[in-house]
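Listed here are the chains, written in short residue letters.
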Amino acid sequence: MSYTRSSYDTTYTGRRRWSGNFGRVWLVNGTTSSLLFEIVSFEAKVTPDREDVIVGQSKDSKIVSLTGEGTIVIQKVFNRGFKDYLNDIKKGHDVRVKIVATLSDPDMVNAGEERIEIDNVWFNEIDIMHFAKGEVVETEIPFGFTSEDCSFVSTVELSDTTTTIPSSTTLPGSTTP
């Protein structure tokens, strides 16, 4: 019996895995945008908020809302406008910005790019200052956003998503293996 490698094994080799080194993040405030060139990491996620629903003797759940949140970590180079942000929130202004993030590794499938836009972003805290001797100063910037205001602008997709299931596998609802 000979073994034939899947086309996925040969087409989507290790080099096709994305490297965070090619990620970029911009903060957009009105008509001004600023590339966060000193970025270390970026994460944005939407989490379904669920409430329990009892069905018979089983506990199920129902999505009742969505929570958007994320974190940016930068290596401190300059103030990045957080002095102005602090002054604005001290005056009672709830300042919102837009975040645009891209990942475009040159080894991505079809040399693609993933791009997201998140609008209505607020910052959950402001790191006024911190440091430790002998260490590069990194600042973590947690943020929140409304899930309806985020979207994928572009994505990297497989060119062929057809998968053959071995004949020994029984599928739900089928009468033959």
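See the structure shown above.
Small disclaimer: the values here were computed from a predicted structure and weren't measured.

**Q** Would you explain the pattern of salt bridges in this entry?
**A** Opposite charge on two side chains lets them pair, provided their charged atoms get close. A complete count under the given rule lists 4 salt bridges for this structure. Its salt-bridge partner being aspartate 52, residue lysine 59 comes within 3.5 Å of it at the nearest N-O pair. On the basis of relative accessibility, which here comes to 53%, the residue aspartate 52 falls in the exposed class.

**Q** Just checking my understanding: could you explain the layout of surface pockets for this structure?
**A** To find the voids left in a structure, one rolls a probe of water-molecule size over its atoms. In this model, the largest pocket occupies a volume close to 500 Å³. Lining the largest pocket are 25 residues; nearest its centre among them are Phe42, Glu43, Ala44, Ala101 and Ile116. For the lining of the largest pocket, the secondary structure elements donating two or more residues are strand E1 (23–29), strand E3 (39–55), strand E5 (97–103), strand E6 (114–123) and strand E8 (150–154). It is E3 that contributes the most residues to the lining of the largest pocket, 8 residues altogether.

**Q** Help me understand empty space enclosed by the protein in this model?
**A** In this structure the tally under the stated criterion is 1 cavity of 30 Å³ or more. By volume, the largest cavity amounts to about 50 Å³. Residue lining of the largest cavity: Ile74, Lys76, Phe82, Glu125, Ile126, Asp127, Thr139 and Ile141, and that is the complete set. Partitioned by chemical class, the residues of the lining of the largest cavity number 4 nonpolar, 1 polar and 3 charged.

**Q** So what exactly am I meant to see when it comes to the side chain of threonine 139 here?
**A** For threonine 139, the location among the structural elements is in strand E7 (residues 138–145). What makes threonine 139 buried here is its relative accessible area of 5%. What threonine 139 contacts, discounting residues up to four positions off in sequence, is Ile72, Val73, Ile74, Lys76, Asp127 and His130.

So, how was this worked out
- Residues numbered from 1 in each chain as written.
- Predicted model: local features only at pLDDT ≥ 70, side-chain atom pairs only at ≥ 80, totals over all residues.
- Heavy atoms only, no water.
- Salt bridge = Lys/Arg side-chain N within 4 Å of Asp/Glu carboxyl O.
- Buried < 20%, exposed > 50% of the residue type's maximum accessible area, 1.4 Å probe, protein only.
- 1 Å grid on protein atoms, 1.4 Å probe; cavity = no way out; pocket = protein on both sides within 12 Å on 5 of 7 lines; lining within 4 Å.
- Points joined across faces, edges and corners; volume = space filled by probe spheres on them.
- Helix = DSSP H or I, 4+ residues; strand = E, 2+ residues; numbered from the N terminus.
- Nonpolar A, V, L, I, M, F, W, Y, C, P; charged D, E, K, R; others polar.
- Contact = heavy atoms within 4.5 Å.

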